[in-house]
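Residues per chain are reported as follows:
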Amino acid sequence: MKRIASDPHRLLGIYLNDHLTGAGSGISLLKRLARTHRDSDAGPRLALLIEEVTEDRDSLREIMTTLDVPVNHVRGLLGVAAAQAGRLKGNGRILTRSPLSDVLELEAIRMGVEGKKELWRTLHTLAHTEPRLDAEAMARLLARAERQAGALESLRLAAVDRALRGGSPQVPAAPHRSRRAARAGWA
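All of these numbers come straight from a predicted model, not from anything done at the bench. (Residues numbered from 1 in each chain as written. Predicted model: local features only at pLDDT ≥ 70, side-chain atom pairs only at ≥ 80, totals over all residues. Heavy atoms only, no water.)

A. Representation of the nonpolar core within the structure. In this structure, L16, L46, W120 and L123 are the most contacted members of the largest nonpolar core, which totals 37 residues. Those elements that place two or more of their residues in this core are helix 1 (8-36), helix 2 (43-66), helix 4 (99-126) and helix 5 (135-165). With 10 residues, helix 5 is the single largest residue contributor to this core. Discounting chain neighbours no more than four positions away, the residues touching L46 are L30, L33, A34, H37 and L155. (Core = buried A, V, L, I, M, F, W, Y, C linked by side-chain atoms within 4.5 Å. Buried < 20%, exposed > 50% of the residue type's maximum accessible area, 1.4 Å probe, protein only. Helix = DSSP H or I, 4+ residues; strand = E, 2+ residues; numbered from the N terminus. Contact = heavy atoms within 4.5 Å.)

Okay, here's the thing in structure tokens:
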């Protein structure tokens, strides 16, 4: 049987589009959580995460453009459908949110951020041989994803306390975000 050589650029396109789809799903889930918790201590932290994850998705789009990787809109639509289907999961209640919903949704978002960390690691590695990629920008994006994972873990533990221990702990205030971190571009 003859093996067909893989096309690295095509595979990179699939990889980047999969992450772009995941980013869109994660933003949708974060927005739903933020609406639910807009008047709670978690509200400002979720709003910051939405802003940062949206910036990360925009950075990924810029990277894809730089690498001549087209956006696969069909995958994006499938991601939206998957995010909606995810709302059908069992949470112990039929028509209303359960405290367990927060735990499960935060875990899903946290897994997405962990995947995004691997994306930035991969692109950082590729930057050593791909001159169109900025290794320092990839390192900044990776560091931000690591901070996001920490923030999500704090929110998740608070949700675990509420749902599974019956507590109502205060969520720590959102950390101050520098204006430098908010600049346009990859990081």
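B. A look at helix 2. Over its 24 residues, helix 2 runs 35 Å from end to end, which matches the ideal 34 Å to within 8%, given 1.5 Å per residue. Positioned one or two residues after helix 2, D68 has a phi angle of 55°, which is positive. (Expected span 1.5 Å × (residues − 1).)

C. Representation of helix 1 within the structure. For helix 1, built from 29 residues, the straight-helix expectation of 42 Å at 1.5 Å per residue is met to within 8% by its first-to-last C-alpha distance of 42 Å. For helix 1, the N-terminal cap is D7; the gap from its side-chain oxygen to the backbone nitrogen of H9 is 3.2 Å. (Polar contact = N/O pair within 3.5 Å; in protein donor to acceptor, adjacent residues only side chain to side chain.)

D. Structural detail: the packing of helix 4 against helix 5. Contact geometry of helix 4 with helix 5 gives a least axis separation of 9 Å together with a crossing angle of 165°. Regarding the angle of helix 4 to helix 5, the classification is roughly antiparallel. Pair helix 4 / helix 5 crosses with left-handed handedness. Grouping the constituent residues of the contact of helix 4 with helix 5 by class yields 20 nonpolar, two polar and 11 charged. (Axes fitted to C-alpha atoms, helices over the stretch in contact; angles between N-to-C directions. Parallel < 35°, antiparallel > 145°, perpendicular 65-115°, else oblique. Left-handed = near helix turned anticlockwise from the far one by under 90°. Nonpolar A, V, L, I, M, F, W, Y, C, P; charged D, E, K, R; others polar.)

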